[in-house]
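# Residue-level structure breakdown
Okay, here's what each chain looks like letter by letter:
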Amino acid sequence: MINSRIEPVVDSQLPREQAGFRRGRSTVDQVTLLSQDIEDSFQDNEKAGVVYMDLTAAYDTVWHRELHLKLLRTIPDRHMVKFIMETLTNRSFVLQTSNGQRSRLRRLRNGVSQGSVLSPMLFNIYVHDLPDTTSRKYGYADDLAIMLRRPTWKAMEDGLNDDLGTLVAYFQRWRLQLNIGKTVAAAYHLSTREARRELEVRVKNKRLEVQQASKYLGVRLDRTLSFKQHLEEVKAKVTSRVALIRRLAGTTWGACAKTLRISTQALVFSAAEYCTPAWSRSPHARPQSPGNSGETLSHTAKPYEYK
């Protein structure tokens, strides 16, 4: 009830690049948009550098006082804001071990409720004022990526380092913690000669790990967007799930047609079709059908943009 009342008001104030638990902005939209922007850099003979950021316990570190301030700026109903904060501030916990020992009662002073339908929206409000950067941002709840395309490596690295400095300062200001160990960088280009060239991107004088095929929202994006590693993983996942369906459809004992259909859609079809708008349109993904002569898929779709 509360979610449906404040969603239209909040959604109009969130930036376009921020997705996650918003109508018409799913994980598929974000992956497709990012892959399309990388493909555009290929068309312009540029290189694209992406940093995939990881926030440590993002929902648990939301600062209540500052969330209250941002809610007042976003939602024009003070009574509604007060009601929302009441659900967050009066929470406590007790730690109990396996042998029956209990800690004293402690009150939670940060964080939003895990599993609550309001929590994703509250987090979106908390980070809706991310600072402007030269790089383009791709946010999905607490998964944030930035991408910068430049003709030279140095220009790309300098731009990413500057933007990371800006974002790290923002995270510190609002008590969010960037997990440097899980934050990775990746470069996307079509130059075979520079295939082993790695990005020099640092946070607090620590160089970020560079991955050749980073995973973003469940999809592996390799250097040339061939999606080879991703499709291999999908194939292995689908193969194992098809084996389960075959067990259900055994000759000596088998489930009814309705059960088989629902199980196949839930286990097999959902995994096989995930993010197909992104990888099926790639001109660098080669079809594996019989008689493949080596030609690549045609790229006839229009560039993907936010609505």
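Residues numbered from 1 in each chain as written. Predicted model: local features only at pLDDT ≥ 70, side-chain atom pairs only at ≥ 80, totals over all residues. Heavy atoms only, no water.

### Re the overall build of the chain
Cut-off, in case you're wondering: Under the DSSP-based scheme used, a helix requires at least four consecutive residues in state H or I and a strand at least two consecutive residues in state E, with every element numbered from the N terminus. When checking whether two residues touch, look at their non-hydrogen atoms; a contact exists if any pair is within 4.5 Å. To measure how exposed things are, a 1.4 Å probe is used in the Shrake-Rupley method; for residues, cover is taken only from the protein chains shown.
When you go through the chain residue by residue, the secondary structure sums to nine helices and 12 strands. In the chain, the proportion of contacts linking residues at least 24 apart, taken out of those at least 6 apart, comes to 71%. Here the chain displays about 17500 Å² of accessible surface, and carbon together with sulfur accounts for 51% of that area.

### A short note on the nonpolar core
General note: in soluble globular proteins, nonpolar side chains tend to be found buried as a group. Under the convention used in this document: Put simply, a nonpolar core is a bunch of buried Ala, Val, Leu, Ile, Met, Phe, Trp, Tyr and Cys residues held in one set by side-chain atoms that sit within 4.5 Å of each other. Exposure is judged per residue with a 1.4 Å probe applied to protein chains only, and the accessible area is read against the type maximum: over 50% gives exposed, under 20% gives buried, and values in between give partly exposed.
Within the largest apolar cluster, 73 residues are counted, with the highest numbers of intra-cluster contacts made by Y52, F171 and Y188. With eight residues, the top contributor of residues to this core is helix α6 (residues 153-173). For Y188, the residues in contact, after removing those within four places along its chain, are I38, F42, K47, A48, V50, Y52, S214, L221, D222, R223 and L225. Formed by six residues, the second largest nonpolar core is a distinct cluster that contains V234, V238, V268 and A271.

### Notes on the packing of helix α3 (residues 64-74) against helix α5 (residues 119-126)
Here is the rule: Lines fitted to the C-alpha atoms define the axes, with helices restricted to the stretch that makes contact. Angles between their N-to-C directions range from 0 to 180 degrees. Under this scheme an angle from 65 to 115 degrees is roughly perpendicular, one under 35 degrees roughly parallel, and one over 145 degrees roughly antiparallel; angles in between are oblique. Amino acid classes used here: Ala, Val, Leu, Ile, Met, Phe, Trp, Tyr, Cys and Pro are nonpolar; Asp, Glu, Lys and Arg are charged; the rest, including Gly, are polar.
At a minimum axis distance of 9 Å, the contact between α3 and α5 shows a crossing angle of 85 degrees. Between α3 and α5, the crossing angle belongs to the class labelled roughly perpendicular. Where α3 approaches α5, its residues E66, L67, K70, L71 and T74 are matched on the opposing element by L122, I125 and Y126. Taken together, the residues that form the contact of α3 with α5 break down as five nonpolar, one polar and two charged.

### Comments concerning the packing of aromatic side chains
Our working rule: The aromatic pairing rule takes the rings of Phe, Tyr and Trp, using the six-membered ring of Trp, and pairs them if the centres are within 6.5 Å, calling planes under 30 degrees apart stacked, those over 60 edge-to-face and the rest tilted. Comment: the charge-over-ring label is applied if NZ (Lys) or CZ (Arg) is within 6 Å of the ring centre and within 35 degrees of the ring normal.
Throughout the structure, instances matching the rule amount to six aromatic pairs. A ring pair is formed by Y170 and F171, whose centres lie 6.0 Å apart and whose planes are at 65 degrees; its orientation type is edge-to-face. Judged by its relative accessible area of 3%, F171 falls in the buried class. Ring geometry for Y170 against W174: centres 6.3 Å apart, planes inclined by 55 degrees, an arrangement best described as tilted. Given a relative accessible area of 7%, Y170 falls into the buried group. Residue W174 is classed as buried on the basis of its relative accessible area, which comes to 8%. What links up through ring pairs into an aromatic cluster is the set Y126, Y170, F171 and W174. One residue, K70, lies across the ring of Y126, its end atom 4.7 Å from the ring centre.

### Comments concerning the pattern of salt bridges
Heads up, the rule is: What counts as a salt bridge is simple: a side-chain nitrogen of Lys or Arg found within 4 Å of a carboxyl oxygen of Asp or Glu.
Applying the stated rule across the entire model yields 13 salt bridges. Taking the shortest distance from any N to any O, the salt bridge between R65 and E66 comes out at 3.3 Å. We classify E66 as buried; its relative accessible area is 7%. For E198, the salt bridge is made with R207, and the minimal N-O distance between the two is 3.4 Å. Here the salt bridges do not stand alone but share partners, grouping E198, E200, R202 and R207 into one network.

### Observations concerning the pairing of strand β12 (residues 219-222)
Definition in use: A pair of strands is considered paired only if DSSP assigns at least 2 bridges between the two.
In the sheet, strand β11 (residues 213-216) pairs with β12 via four bridges, with the strands oriented antiparallel. By the bridge assignment for β12, Y216 is matched with V219.

### Some words on the environment of D163
As for its placement among the helices and strands, D163 is situated in helix α6. Classification of D163 by relative accessible area gives buried; the value is 5%. Sequence-wise, D163 and R136 are 27 residues apart; in three dimensions their C-alpha atoms are separated by 9.9 Å. Those residues in contact with D163, other than ones at most four positions away along the chain, are T133, T134, S135 and I146.

### Topic: the sheet that holds strand β1 (residues 18-19)
Strand order in the open sheet formed by six strands is β1-β5-β6-β2-β7-β10, with mixed pairing between adjacent strands. Across the chains shown, the open sheet's two edge strands, defined by having one partner strand only, are β1 and β10 (209-210). Bridge count between β1 and strand β5 (residues 136-140): two bridges; the pairing is parallel. Its bridge partner being in β5, Q18 is matched across the sheet by G139. Helix α2 (residues 27-43) contacts β1, β2 (47-54), β5, β6 (143-150) and β7 (184-188) of the sheet and is inclined by roughly 160 degrees relative to β5.

### Section: the environment of Y170
Mapped onto the secondary structure, Y170 falls in helix α6. As for Y170 and P131, which are separated by 39 residues in sequence, their C-alpha atoms are 7.3 Å apart.

### Some details on the side chain of S263
Counting through the fold element by element, S263 comes out in helix α8 (residues 257-273). Owing to a relative accessible area of 16%, S263 belongs among the buried residues under this scheme. With near-sequence residues (within four places) excluded, S263 lies in contact with I245, L248 and V268.

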